[in-house]
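# Chain and residue survey
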Amino acid sequence: MRDLRDLLAKFEFVRSRGEVAALATVMGVVGSAYRRAGARMLLASDGTRVGLVSGGCLEADLMERARPVLATGRAITVTYDARSDQDLIFGLGLGCNGTVEVLIERVPERPDGGHLALISRCLHERRNLALATVFRPAGQVPLTARCWQLDGETLAGELPGDFVAAQIGPHMDAVLQSGRTRNVTIESPGGPLDLLVESIRPLPELWILGAGPDAQPVARLAVELGFDVNVADHRMAFARREHFPGASRVVVCNPERLAETVDPDDGSIVLVMSHSYANDRAYLRTLLMRSFIYLGLLGPRQRSERILAELAKEGIEPSSELRARLHAPAGLDIGAETPEEIALSILSEIRAELAARSGGRLRDRNAPIHGG
């Protein structure tokens, strides 16, 4: 998400100056590749670039291929086939054993900013977006024709005809619900169309409850990963914006009045790390019965169990489903010792939770790295 935000910021800068840029987007992947479908790179006319569509293997070649696109405005697709040693013919030597199809187009494609402006709106409004892009056209439907659907809104876009709603609609609904990008083929009057239907979702808000020195690397790493970070603490000397650069909000909050002061919504990630037993218990008294995506508590297991037992005596006892959302102690078992290592452990567990992964070793995974 951080790379997408950086790309959009560069796009808005280029657009504000009345300039154009080339956008390279991975449309499809067969086999292994560093990035998956939907990865983007913005190539400005001054030669600067933001984002990656590979591990650095394709970027220089794409820069060269983008020059005529910038000059003419005519979009192209490029296919890189690295399924055998023959990929050395490109002078790239990818060795990833996969095929990557990349769309290169000039942006903004429309006066209103086109699909990148739409993605910016989606992230700003914290809404989910399904975005379909034609990368193998047919008949009267051109390359880069798009349609889209924001959650709560009807299908819109540039693809003509009733066949779009009938065939694309179910895919858009599925992508909005699952959050998984997919390639689809639909039939049009002019022949089959291949599209990428992307899921674009803002990351959940992250609330860090406790602003001690060890909260700073958690916030710093979370900002780097693209989270909207909010920090709260009952101590005015700790809850200071200069301690948490990049955070969206830094507030002073009495743990007993959490719901009245900040009240994170159920779609949030919440990490309790005040280092005060009484305050952590007060936070959990408010939070424990809520359906957060992730609720983490820093500290030893024995301490956590004691807090839960005391809250149970007060009648605050979560269901098994809610209890499973509580990560106490928070973090993955990586042998973390320093505040920075603990931050890495916690953010790794949060990332695994968002991806519905176990957080285990990739060498022990039988499925593809990027698979579901």
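The rules behind each value
- Numbering of residues begins from 1 in every chain and follows the order in which that chain's sequence is written.
- Whole-chain, interface and lining totals are the exception, using all residues; otherwise, since this is a predicted model, local features are given only for residues with pLDDT of at least 70 and side-chain atom pairs are given and counted only at 80 or more.
- To get the side-chain values, take all heavy atoms of the structure and skip hydrogens and water.
- Helix and strand definitions here come from DSSP, where helices need a minimum of 4 consecutive H or I residues and strands a minimum of 2 consecutive E residues; each element is numbered from the N-terminal end.
- A radius of gyration in this sense is built from C-alpha atoms; the matching globule rule multiplies 2.2 Å by the number of residues raised to 0.38.
- The buried label applies to any residue whose accessible area, calculated with a 1.4 Å probe on protein chains only, is under 20% of its type's maximum; exposed applies above 50%, and partly exposed to all values in between.
- Any two residues whose heavy atoms approach within 4.5 Å are treated as being in contact.
- For the area figures, the Shrake-Rupley method with a 1.4 Å probe applies, and any residue is considered shielded solely by the protein chains shown.
- Only strands joined by at least two bridges in the DSSP assignment are considered to pair.
- Interaxial angle, 0 to 180 degrees, is taken between N-to-C directions of lines fitted to C-alpha atoms, where a helix line uses only the stretch in contact.
- An angle counts as roughly parallel when it lies under 35 degrees, as roughly antiparallel when it exceeds 145, as roughly perpendicular when it falls between 65 and 115, and as oblique in every other case.
- By convention the crossing between two helices is left-handed if the near helix lies anticlockwise of the far one by an angle smaller than a right angle, and right-handed if it lies clockwise.
- In this count, Pro and Cys sit with the nonpolar residues alongside Ala, Val, Leu, Ile, Met, Phe, Trp and Tyr, while Asp, Glu, Lys and Arg are called charged and the others, Gly among them, polar.

### Side note on the overall build of the protein chain
Secondary structure assignment for the protein chain yields ten helices and 16 strands. Compactness check: the protein chain gives a C-alpha radius of gyration of 23 Å against a globular reference of 21 Å for 372 residues, within 12% of the reference. Taking the principal axes of its C-alpha atoms as reference, the protein chain extends roughly 70 × 45 × 45 Å. Taken across its 372 residues, the protein chain has 45% of its residues classed as buried. Once local pairs closer than 6 in sequence are excluded, the contacts in the protein chain between residues at least 24 apart make up 57%. As displayed, the protein chain has an accessible area near 18100 Å², and 50% of this comes from carbon and sulfur atoms.

### Some words on unusual backbone geometry
Note: most peptide bonds trans; most residues except glycine with negative phi. The omega torsion across Val107 and Pro108 is 0°, close enough to zero to call that bond cis. Along the chain, Pro108 turns up in the loop between strand S5 (98-107) and helix H3 (114-124). Of note, the amide linkage connecting Ala328 to Pro329 takes the cis form, showing an omega dihedral of 5°. When you line up the elements, Pro329 lands in the loop between strand S16 (326-327) and helix H10 (339-354). Here the phi dihedral of Arg126 falls at roughly 55°; this positive angle occurs in a residue that is not glycine.

### A few points about the sheet that holds strand S4 (residues 76-81)
The five strands lie next to each other as S3-S2-S1-S5-S4, forming an open sheet whose pairing is antiparallel. At either margin of the open sheet sits one strand with a lone partner, and together these are strand S3 (49-51) and S4. For this sheet the average axis-to-axis angle between neighbouring strands, irrespective of direction, equals 20°. In terms of strand pairing, strand S1 (residues 21-31) meets S5 through ten bridges, oriented antiparallel. Looking at the pairing, Thr25 lines up with Leu103 of S5.

### A closer look at the sheet that holds strand S11 (residues 205-209)
Read across the sheet, six strands follow the order S13-S12-S11-S14-S15-S16 without closing on themselves; strand pairing throughout is parallel. The open sheet terminates on both sides in strands that have one partner only, identified here as strand S13 (249-252) and S16. The sheet contact formed by S11 and strand S14 (residues 269-272) spans four bridges and is parallel. If you follow Ile208 over to S14, its bridge partner there is Leu271. Contacting S11, strand S12 (228-233), S14 and strand S15 (294-297), helix H7 (residues 277-287) crosses the sheet at an angle of about 155° to S14.

### Observations regarding the side chain of Asn230
Looking at where Asn230 falls in the secondary structure, it is placed in strand S12. The residues touching Asn230, leaving out its near neighbours within four places in the chain, are Glu205, Leu206, Trp207, Ile208, Ser248 and Arg249.

### Concerning the packing of H7 against helix H8 (residues 301-313)
Following both chains from N to C, one finds H7 and H8 inclined at 55°, their axes separated by 10 Å at the closest point. Comparing the axis directions of H7 and H8 gives the class oblique. The hand of the H7/H8 crossing is right-handed. Residue-level inspection shows Tyr277, Asp280, Arg281, Leu284 and Arg285 of H7 in contact with H8, the latter providing Arg303, Arg306, Ile307, Glu310 and Leu311. When its residues are assigned to classes, the contact of H7 with H8 shows four nonpolar, no polar and six charged.

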